[in-house]
Structures are given as structure tokens and as C-alpha cells.
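Fold and contact review
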Amino acid sequence: MKAKVDKDTCIGCGACPGICPEIFEMDDDGLAVAKDSVIPEDLEESAQEARDGCPVDAIDID
Ligand code: F3S
């Protein structure tokens, strides 16, 4: 699985690194970025929770 943050949609709310800091972090521009493009199996659930928790639906996981 891979995670991607759409920076045009992200409003920098900070929820995703709060939920899954192993995968998401805030970039210098104040918007989120996915650290690792490939999500380790044990982090898939947490990454999906972060996606579901994003208020503007900026995270894609597939
Ligand atoms: Fe941005 Fe959504 Fe994360 S708004 S900071 S991608 S929870």
C-alpha cells in the first residue's frame, strides 16, 4: 500500500501526523507529506485511520 497527500487539498490541520506519525509528517510549507511511499503492513490500519480522519479528504491510500 502507498499513501499520498494531495497538497492542493490539504489545509494543514495536522490530524494525520497526530494519528499516524510513522507515515505522515508536516512539511516545511505547513502541509502534510507521506514520509514513506510504501506503507509497512503493521501501519496500514493506522494510515487508513489518518486518511479517514482528514477533514478535507486529502489523503489517498491504495
Ligand atoms: Fe492535511 Fe488532512 Fe493531514 S488536512 S494535515 S492531509 S489530516
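This is a predicted model, so every value here is computed, not measured.

The ligand sits among 14 residues. The nearest are C10, I11, G14, C16 and C54. Among the residues making up the shell around the ligand, the classes are represented as twelve nonpolar, two polar and no charged.

A negative phi angle is the norm for most residues apart from glycine, just as the trans form is the norm for most peptide bonds. With a phi close to 60°, D57 is a non-glycine residue in the positive phi region. Counting through the fold element by element, D57 comes out in the loop between α2 (44–53) and β4 (59–61).

The subject of this paragraph is the environment of T9. Considering the arrangement of structural elements, one finds T9 in the loop between β1 (3–5) and α1 (15–19). Its relative accessible area of 28% is what places T9 among the partly exposed residues.

Once that is clear, we can look at a negative patch on the surface. A contiguous patch of negative charge, built from D6, D8, D57, D60 and D62, is present on the exposed surface. Among the structural elements, D8 can be located in the loop between β1 and α1.

Conventions and cut-offs
Residues numbered from 1 in each chain as written. Predicted model: local features only at pLDDT ≥ 70, side-chain atom pairs only at ≥ 80, totals over all residues. Heavy atoms only, no water. Near = heavy atom within 4 Å. Nonpolar A, V, L, I, M, F, W, Y, C, P; charged D, E, K, R; others polar. Helix = DSSP H or I, 4+ residues; strand = E, 2+ residues; numbered from the N terminus. Buried < 20%, exposed > 50% of the residue type's maximum accessible area, 1.4 Å probe, protein only. Patch = residues over 30% accessible without salt bridge, like charges linked within 9 Å, V, L, I, M, F, W, Y side chains within 5 Å. Areas by Shrake-Rupley, 256 points an atom, 1.4 Å probe, with all protein chains shown as cover. Salt bridge = Lys/Arg side-chain N within 4 Å of Asp/Glu carboxyl O. Lys, Arg positive; Asp, Glu negative; His and termini not counted. Charge placed at Lys NZ, Arg CZ, Asp CG, Glu CD.

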